[in-house]
Amino acid sequence: MATVGALPRPREPAGELAQGSPVTPGRQLRCCTASGCRAGGAGPLIEALRQAQAVADPAANGLVIKSVGCLRLCSRGPLLAWDGPGGPALFALGSTDPGTAPGAAIGPEQARALVLAAATAPGPDTLAALDLEAWRPQALLPEGSPSPGPSPVGVASAPPPSPGGIGLTWDQMDLDHPFFALQQPLVLLHCGWIDPDSIEEALALGTYGQWRRCRSDLSPEAVRAMVHRSGLRGRGGAGYPTGLKWDTVALQPPGPRFVVCNADEGDPGAFMDRSVLEGDPHRLLEGLAIAAFAVGAESGFLYVRAEYPLAIERLRRALKQAHQKGILGPGTGLELELRVGAGAYVCGEETALLQSIQGQRGQPRPRPPYPAQSGLWGAPTLINNVETLAVVPAILRRGAEWFAAIGTDTSKGTKVFSLSGAVRRTGLVEVPMGTSLRTVVETMGGGVPAAPGSPGGGVKAVQTGGPSGGCIPAHLLDTPVDYESLQALGSAMGSGGMVVVGEAMAMPELARHFMHFSVEESCGKCLPCRAGTVQLEQLLDRLLAGLAEPGELDQLEQLCRMVKATSLCGLGQAAPNPVLSALRHFRAEFLAACRAESPRAAFAREPFPAGPALGPLPGGRP
Amino acid sequence: MAALTLRIDGQAVAVPAGSSLLAATRLAGLALPVLCHLDGLTPVGACRLCLVAIEGQSKLQPACTSEALEGQVVATNTAELRELRRMAVELFFAEGNHVCAYCVASGACELQAMAVTLGMDHSRFPYQYPLRDVDASHPLFSLDANRCILCSRCVRVCAELEGAHVWDIAGRGRHCRLVAGLDQPWGEVDACTSCGQCVEACPTGALFHKDDSTAEKHPHPIRALQLRRVHDLPPRPDP
Amino acid sequence: MVRGEMASGEPVPPRPLAQAGPGGVGADSRISQLVADQQRRAEGLIEVLHRLQALDGYLAKASLRQVAEELGLPLSRVYGVASFYHLFRLEPPQGHRCAVCLGSACFVLGASRLVARLEQRLGLSLEPLAGSANGPPVGLGLPRASQGGQPAPGPGAPPLGPARHPGGWSLEPVSCLGACGQAPLLVLDGALALRLPIADPAALEARLDRLGLPRSPGPQAPGAKEPGAWGPELGLAGKR
Ligand SMILES: Cc1cc2nc3c(=O)[nH]c(=O)nc-3n(C[C@H](O)[C@H](O)[C@H](O)COP(=O)(O)O)c2cc1C
Ligand code: SF4
Ligand code: SF4
Ligand code: SF4
Ligand code: FES
Ligand code: FES
Ligand code: FES
């Protein structure tokens, strides 16, 4: 039986999710078990709740406890959404010991109380009033008394440390807050509602309907025309028009073709694609199937980074279920295979990704030929990002014009961002393209809280586009988020990571951080990126150590331009961006970091560069 | 074979369809610096020295891997390109340990020649002085990794022409290095036929004959002919 | 087009070398099975390596040799792949692994200060070994000002880096564990330690003590705790 409730605040008339729909409105607890909340102990938590239900009185039987994908406000995880009279409502479990994951600390009595309240509460307020502390194991012990043994490490293992327990907090989240209210879920429409491990729930909400429609009613040309008209552009970073790419692949000379879903999401601080994989994998599979249909491919791959074990597990299960149902696999005209990366950021680059799928070193090759012309085993290959593919079923269902009406002139539809860093509320937001950075970071994210003991908080900059992007200073926060506006400021949309930087962070240091990332992730094939990024990092090191002269900033910029202009692939070409954009918007900080004294004096003082660290020479000579 | 025409540095040139821009440039009688390219081997576009500016394209393209197209207008020798190449050669010199005065290939080294051609007499970037090994385990040849510029010509010549695939690049980024077999001493790799083609293919003094000493590595007359035979084959169909 | 043919621009797949075949003398039957599971296709190499590492904890050279032989791949090609990807380990794992997240979100919240503390406690350097064979450049010998002033080794100093800590600890960076909401954090033997109080040095020391991290590089290393119940489930044990 599929069980789905109502949307938090459906801005969409999401009929299929409305309460009272055939897929059961009943009382349910939706526990987020995606990676963010899992880090907060969601695994042990849902286990404890299920156990409590099994032993609780029959009153709790009517309650459905299910595991769902990301509920958006990851910083407060583990989150529990409740559906019932007056619902839905969202609750956060917290612990008074910052070092303990709340989900792992809940005691059996507390779990029982929670389940009973969820099963019987006449409304959200009653549930919100639940006092978990009253059920705390040995609640008589004073707060914060040391727990015995070395046990409660970061996250204690289940069973929870019982004597003394850990203080738990239970707060209701305000779903009318802009963080939730301004979201327009399209890609994430079902994420947080359905059990990602249940194909029945996905089917009950119409997933795979458009795939079926494609095969029965639509021609590949019609599908491509629709994607064309929708104005959809790639969400993997470059923003290439998706319809155009599909046409290129479809119009290659006859022969085999492949489709590939790029789920290598490597930008640090980005977790949008993961949320789709973990929250609604069937939607992605449907999108990929439609893409395959549109370009005439009969086999395809999903390339997922190995650092996402949960996403891999859920995707694998989803694929198996779709095979069992006869939706994908033999006889359906499409075979999909999952491939797992092995820790290489550069494998997100499309030609490197193809090499990796073929079991090679993930080193990019020059384009053209583009993968659309010559990809896997030399055949035309369509590569799209997770989010790009996941939005396709919605375009087919609601129509290209409906989609094109969302967003701006050049950037259509919605975009999912992962908000992280120094911001107050971190998590996932999906908003129409063109929403201003200020809306996302300040109105929704709540800006940067003041650090204890430091004067005032406040946003200093927002870093978008990861290591290929740049930072946007606070005074430009009214910039609308679309491909062109961000590029004009020397940053990039990237895949959708938004890392908020507070006043405490020095921009040259942040620039060095990203350069270090590029040094570590460079594949080493081409010279400018392999050797140039190393030199850039050292120049920044000199600067941070106060050894650089103002003139060295020119050298820094010159080398940045060289690496950008001559590197083989997007990694090297974009590696200087964080430095260039920091220089552009925060040059004063770089100048301030330079040494002021006369070069001659400094030279005399400066230590000679250290030689290689040699051990003592043989024979005992120094 | 169909021919097509394009303009390179203001000069009109007709080339067979399917030629690379590098071949076209050479047909036009112009020189283009190359390091990772060797006629007869699959081009990889790694050293970035052969970058050219194609009118209407914002990105510079490597001539060795790009197909010449009808009507293209190409510049190979602008001031900007010269400066970029010079910086690239500086990065090469700073990245490894190149002491030309003691090098077996001095006088016959393509990297050295490149520096001379581009007027690079010192590197503006700090030398990195990496600690690298010498592998003298092979009875006939040696590898001095200090001079390796990771062009992968040896890897390709051994895999594509000799079919032995003794070499490969291991590691990644600045940790990249040339390895034989499972990171073994060269002399212990059974697959090596001691054909010496990798030594001939190496543009620097990284791979050399054991009996050569300073400035004695010279192109082997017969090997060069063998390699050239391969490159006289019709151009590889570019996929 | 035949499967197994390489995309252009890369070396043609080599012909099989000495073919040991499954069950050859000294062959490890587990590896033969892993290779068979991939239908002996060369493209299955990465998957085979993943599974092999799951069995053994790392990729031993003898195992790599067998993989190469059974997949019909040159040794250097297999070594090239195994050494390219960060998640593959070519050395047996250390006793205890401490991994610090240096993703952007954690970095913005001060992870570099955490690194400086851990480096001091463990006497290890997070940066790869300076001056290792063909390793990273020695650089300018600068103090790592950006990371709290732990000085780089001068000439003659014993190299820092993946040298073994007497208590068997290793210190490594990871890039974003997707727990950015609970940043900054580290992973100890597969279990996450969240929201480390970096702004409050005393509290940070107390937390690190509780986590079982040695206070100094000495050999005393108090027994680290059990792996967290759900850490391995997150797969963190496999992160670089
Ligand atoms: C260094 C580098 C890393 C990349 N990483 C990713 C990634 O993690 N995920 C992704 O979808 N695209 C990534 N891309 C972009 C892909 O190359 C490619 O443009 C994209 O997958 C195309 O899909 P789209 O048209 O749907 O955006 C990366 C590009 C570069 C140069
Ligand atoms: S730019 Fe960097 S990542 Fe890309 S091919 Fe060159 S070395 Fe590899
Ligand atoms: S001598 Fe011949 S077989 Fe041996 S490594 Fe060199 S090219 Fe390969
Ligand atoms: S040894 Fe010579 S041919 Fe081989 S990669 Fe190094 S420089 Fe190139
Ligand atoms: S992971 Fe649970 S709310 Fe995002
Ligand atoms: S010769 Fe063209 S890039 Fe090296
Ligand atoms: S940046 Fe540390 S968990 Fe994401």
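Every chain is numbered independently, its residues counted from 1 as its sequence is written. All chains are assigned letters beginning at A, and all ligands numbers beginning at 1, according to the order in which they are written. Predicted model: local features are reported for residues with pLDDT of at least 70 only, side-chain atom pairs are reported and counted for 80 or more only, and whole-chain, interface and lining totals are derived from all residues. Only hydrogens and water are removed before side-chain values are computed, so all heavy atoms of the structure are retained for them.

Draft legend 1. View of the pattern of salt bridges. The term salt bridge refers to a side-chain nitrogen of Lys or Arg lying within 4 Å of a carboxyl oxygen of Asp or Glu. Under the defined criterion, the tally for this structure stands at 45 salt bridges over all chains. Two residues, Lys 460 of chain A and Glu 589 of chain A, come together in a salt bridge whose shortest N-O distance is 2.8 Å. Taken together, the residues span a long stretch of sequence, with Lys 460 of chain A in strand E12 (residues 459-464) and Glu 589 of chain A in helix H23 (residues 577-593) at a distance of 129 residues. Whether a residue is buried, partly exposed or exposed follows from its accessible area with a 1.4 Å probe, protein chains only, as a fraction of its type maximum: under 20%, in between, or over 50%, in that order. Judged by relative accessible area, which is 24%, Glu 589 of chain A ranks as partly exposed. Arg 51 of chain C is the partner of Glu 47 of chain C in a salt bridge, and the nearest nitrogen-oxygen pair spans 3.1 Å. A residue pair is termed a helical-turn pair when its members lie 3 or 4 positions apart in one helix, as Glu 47 of chain C and Arg 51 of chain C do in helix H2 (residues 45-56) at 4 residues. Strands here mean DSSP runs of E at least two residues long; helices mean DSSP runs of H or I at least four residues long; both are numbered from the N terminus.

Draft legend 2. Here's a closer look at the site of ligand 2. For each residue, the test is whether any non-hydrogen atom lies within 4 Å of the molecule or strand; if one does, the residue is near. Not every one of the 13 residues close to ligand 2 is listed here, only the nearest: Cys 523, Cys 526, Cys 529, Cys 569 and Gly 572 of chain A. Three residue categories are used. Nonpolar comprises Ala, Val, Leu, Ile, Met, Phe, Trp, Tyr, Cys and Pro, charged comprises Asp, Glu, Lys and Arg, and polar comprises the others, including Gly. Its residues assigned to classes, the shell around ligand 2 comprises 8 nonpolar, 4 polar and 1 charged.

Draft legend 3. Local environment of the packing of aromatic side chains. Each aromatic pair joins two rings of Phe, Tyr and Trp (for Trp, the six-membered one) with centres within 6.5 Å, and gets the label stacked for planes under 30 degrees apart, edge-to-face for over 60, and tilted for any other angle. Inspection of the entire model under this criterion finds 11 aromatic pairs over all chains. Ring geometry for Tyr 85 of chain C and Phe 88 of chain C: centres 6.1 Å apart, planes at 80 degrees, overall edge-to-face. Among the aromatic side chains, those forming a connected cluster through ring pairs are Phe 258, Phe 301 and Trp 377 of chain A. Over the ring of Tyr 308 of chain A we find Arg 274 of chain A; its NZ or CZ atom is 5.7 Å from the centre of that ring. Over a ring means this: the NZ of a Lys or the CZ of an Arg is within 6 Å of the ring centre and within 35 degrees of the ring normal. Sitting above the plane of the Tyr 308 of chain A ring, Arg 305 of chain A keeps its charged end 5.1 Å from the centroid.

Draft legend 4. Region of the structure containing helix H3 (residues 110-117) of chain B. Residues and elements named next belong to chain B. Residues of H3 that are buried include every one of Leu 111, Gln 112, Met 114 and Ala 115, and no others. Along the axis of H3, the buried residues cluster in a sector spanning 160 degrees; they form a single face. Exposed residues on H3 whose side chains face more than 90 degrees from its buried face are Val 116 and Thr 117. By definition, residues are in contact when any of their heavy atoms lie within 4.5 Å. Buried residues in H3 make contact with helix H2 (79-95). Just beyond H3, the residue with positive phi is Gly 119, at close to 70 degrees. What the arc describes is the spread of directions from the helix axis to the C-beta atoms.

Draft legend 5. How the structure looks around the domain arrangement of chain A. Residue and element names in this part refer to chain A. Note that the domain bounds were set by an automatic or database domain assignment. Considered domain by domain, chain A is made up of domain 1 (25-136 + 165-175), domain 2 (199-404), domain 3 (414-447 + 458-504) and domain 4 (508-603). A straight line from the C-alpha centre of domain 2 to that of domain 4 covers 36 Å. Taken together, the contact pairs 12 residues of domain 2 with 8 residues of domain 4. Taken together, domain 2 and domain 4 are joined by 0 salt bridges. Looking at the side of domain 2 that touches domain 4 residue by residue, the classes come out as 6 nonpolar, 3 polar and 3 charged.

Draft legend 6. Focus on the sheet that holds strand E7 (residues 299-304) of chain A. Residue and element names in this part refer to chain A. For two strands to count as paired, DSSP must find a minimum of two bridges between them. Spatially, E8-E7-E6-E9 is the arrangement adopted by the 4 strands of the open sheet, whose pairing is parallel. The sheet terminates laterally at strand E8 (335-340) and strand E9 (381-385), the two strands that pair on one side only. With direction set aside, neighbouring strand axes in the sheet form an average angle of 20 degrees. Bridging between strand E6 (residues 258-263) and E9 involves 5 bridges; their strand directions are parallel. Axes here refer to lines fitted to C-alpha atoms; in helices the fit is confined to the stretch in contact. Angles between the N-to-C directions go from 0 to 180 degrees.

Draft legend 7. How the structure looks around the packing of helix H2 (residues 42-55) of chain A against helix H4 (residues 108-120) of chain A. Residue and element names in this part refer to chain A. Running from N to C, H2 and H4 point in directions that differ by 75 degrees, and their axes come no closer than 8 Å. One element, H2, and the other, H4, form an angle in the roughly perpendicular class. Listed contacts from H4 to Ala 48, Leu 49, Ala 52 and Gln 53 of H2 are Ala 111, Arg 112, Leu 114 and Val 115. Its residues placed into classes, the contact of H2 with H4 shows 6 nonpolar, 1 polar and 1 charged. Orientation is classified from the angle alone, with under 35 degrees giving roughly parallel, over 145 giving roughly antiparallel, 65 to 115 giving roughly perpendicular, and any other angle giving oblique.

Draft legend 8. Highlighting the nonpolar core. All names here are of chain A. By nonpolar core is meant a set of buried Ala, Val, Leu, Ile, Met, Phe, Trp, Tyr and Cys residues that side-chain atoms within 4.5 Å join together. Trp 246, Leu 302 and Leu 328 are the most contacted members of the largest nonpolar core, which has 170 residues in total. Looking at which element gives the most residues to this core, the answer is helix H12 (residues 281-295), with 10 residues. With residues near it in sequence (within four places) discarded, Leu 328 still touches Trp 211, Leu 285, Ala 289, Leu 319, Ala 322, His 323, Leu 334 and Leu 336.

Draft legend 9. Region of interest: unusual backbone geometry. Here the residue pair Arg 367 of chain A and Pro 368 of chain A is connected by a cis peptide bond, since its omega of -10 degrees sits within 30 degrees of zero. Here Pro 368 of chain A shows up in the loop between helix H14 (350-357) and E9. The omega torsion of the bond from Pro 368 of chain A to Pro 369 of chain A falls at 0 degrees, within 30 degrees of zero and hence cis. In this structure, Pro 369 of chain A sits in the loop between H14 and E9. In this structure, Asp 9 of chain B takes a positive phi of about 50 degrees despite not being glycine. The exposure class of Asp 9 of chain B is partly exposed, given its relative accessible area of 34%. Its identity as a non-glycine residue notwithstanding, Ser 152 of chain B has a phi of 70 degrees, on the positive side.

Draft legend 10. Focus on the pairing of strand E2 (residues 11-16) of chain B. Residue and element names in this part refer to chain B. Of the pairings in the sheet, the one linking strand E1 (residues 3-8) to E2 comprises 6 bridges and is antiparallel in character. Counted as the bridge partner of Arg 7 is Ala 12 from E2. Linkage of E1 to E2, two consecutive antiparallel strands, is achieved through a turn of 2 residues, within which Asp 9 is found at a positive phi near 50 degrees.

Draft legend 11. Representation of the site of ligand 3 within the structure. Lining the immediate environment of ligand 3, one finds 13 residues, of which Cys 158, Cys 192, Cys 195, Gly 196 and Cys 198 of chain B sit closest. Taken together, the residues of the shell around ligand 3 sort by class into 9 nonpolar, 3 polar and 1 charged.

Draft legend 12. The arrangement of the side chain of Arg 174 of chain B in detail. For Arg 174 of chain B, the position within the fold is in the loop between strand E8 (167-170) and strand E9 (177-180). The definition of a polar contact used here is a pair of N or O atoms within 3.5 Å, where within protein one atom must be able to donate a hydrogen and the other to accept one, and adjacent residues in sequence count solely through side-chain atom pairs. Engagement of the side chain of Arg 174 of chain B in a polar contact is seen with the side chain of Glu 520 of chain A, the distance being 3.0 Å.

Draft legend 13. Representation of the packing of helix H21 (residues 550-566) of chain A against H2 of chain B in the model. Look at H21 of chain A against H2 of chain B: their axes get within 11 Å of each other, and the N-to-C directions meet at 100 degrees. Considering their axes alone, H21 of chain A and H2 of chain B lie roughly perpendicular with respect to each other. Two secondary-structure elements touch here, H21 of chain A through Gln 558, Leu 559, Met 562, Ala 565 and Thr 566 of chain A and H2 of chain B through Glu 83, Leu 84, Met 87, Ala 88 and Leu 91 of chain B. Broken down by class, the residue content of the contact of H21 of chain A with H2 of chain B amounts to 7 nonpolar, 2 polar and 1 charged.

Draft legend 14. Examining the side chain of Gln 38 of chain C more closely. All names here are of chain C. With respect to the helices, strands and loops of the structure, Gln 38 is situated in the loop between helix H1 (29-37) and H2. Gln 38 gets classed as buried once you look at its relative accessible area, which sits at 9%. Apart from the residues within four sequence positions on either side, Gln 38 is in contact with Gly 44, Glu 47, Val 48 and Arg 51.

Draft legend 15. Just the pairing of strand E4 (residues 89-95) of chain A, in detail. Residue and element names in this part refer to chain A. The buried count for E4 comes to 7 of 7 residues, which makes it a mostly enclosed element. Side-chain alternation along E4 places Ala 89, Phe 91, Leu 93 and Ser 95 on one buried face and Leu 90, Ala 92 and Gly 94 on a second face that is also buried. Hairpin connection between strand E3 (residues 79-83) and E4: a loop of 5 residues separates the two successive antiparallel strands, and Gly 86 in this loop has a positive phi of roughly 80 degrees. By the bridge criterion, 6 bridges tie E4 to strand E5 (residues 168-173) in an arrangement that is antiparallel. Bridge pairing in E5 places Leu 90 opposite Met 173.

Draft legend 16. Highlighting the sheet that holds strand E1 (residues 28-32) of chain A. Residue and element names in this part refer to chain A. What the 5 strands build is an open sheet, ordered E2-E1-E3-E4-E5; its pairing is mixed. The strands lining the two open edges of the sheet, one partner per strand, are strand E2 (64-68) and E5. Direction aside, the axes of adjacent strands within the sheet are offset by 25 degrees on average. Bridge count between E3 and E4: 4 bridges; the pairing is antiparallel. Bridging from a neighbouring strand, Leu 80 pairs with Phe 91 of E4.

Draft legend 17. Geometry of the environment of Gly 490 of chain A. By the secondary structure assignment, Gly 490 of chain A is in the loop between helix H18 (483-488) and strand E14 (497-502). Not counting residues within four places of it along the chain, the set of residues in contact with Gly 490 of chain A comprises Gly 470, Ser 581 and Arg 584 of chain A.

Draft legend 18. Examining the confidence of the model for chain A more closely. Residue and element names in this part refer to chain A. Counting all residues, the mean pLDDT for chain A is 86, and 86% of those residues have values of 70 or more. A low-confidence stretch, residues 1-24 (pLDDT under 50), is modelled with 69 contacts involving residues beyond four sequence positions or located in other chains. The low-confidence segment residues 139-163 (pLDDT under 50) makes 39 contacts with residues lying over four places distant or belonging to another chain. As a per-residue measure, pLDDT reflects the predictor's confidence and takes values from 0 up to 100.

Draft legend 19. The state of the cysteines, seen in detail. Pairs of cysteine sulfur atoms within 2.5 Å are what we label disulfides. This model, assessed by the stated rule, comprises 0 disulfides over all chains. Residue Cys 560 of chain A stays outside any disulfide, its sulfur separated by 12 Å from that of Cys 529 of chain A, the closest cysteine. For Cys 109 of chain B, which is in no disulfide, the shortest distance to another cysteine sulfur is to Cys 103 of chain B and amounts to 5.9 Å.

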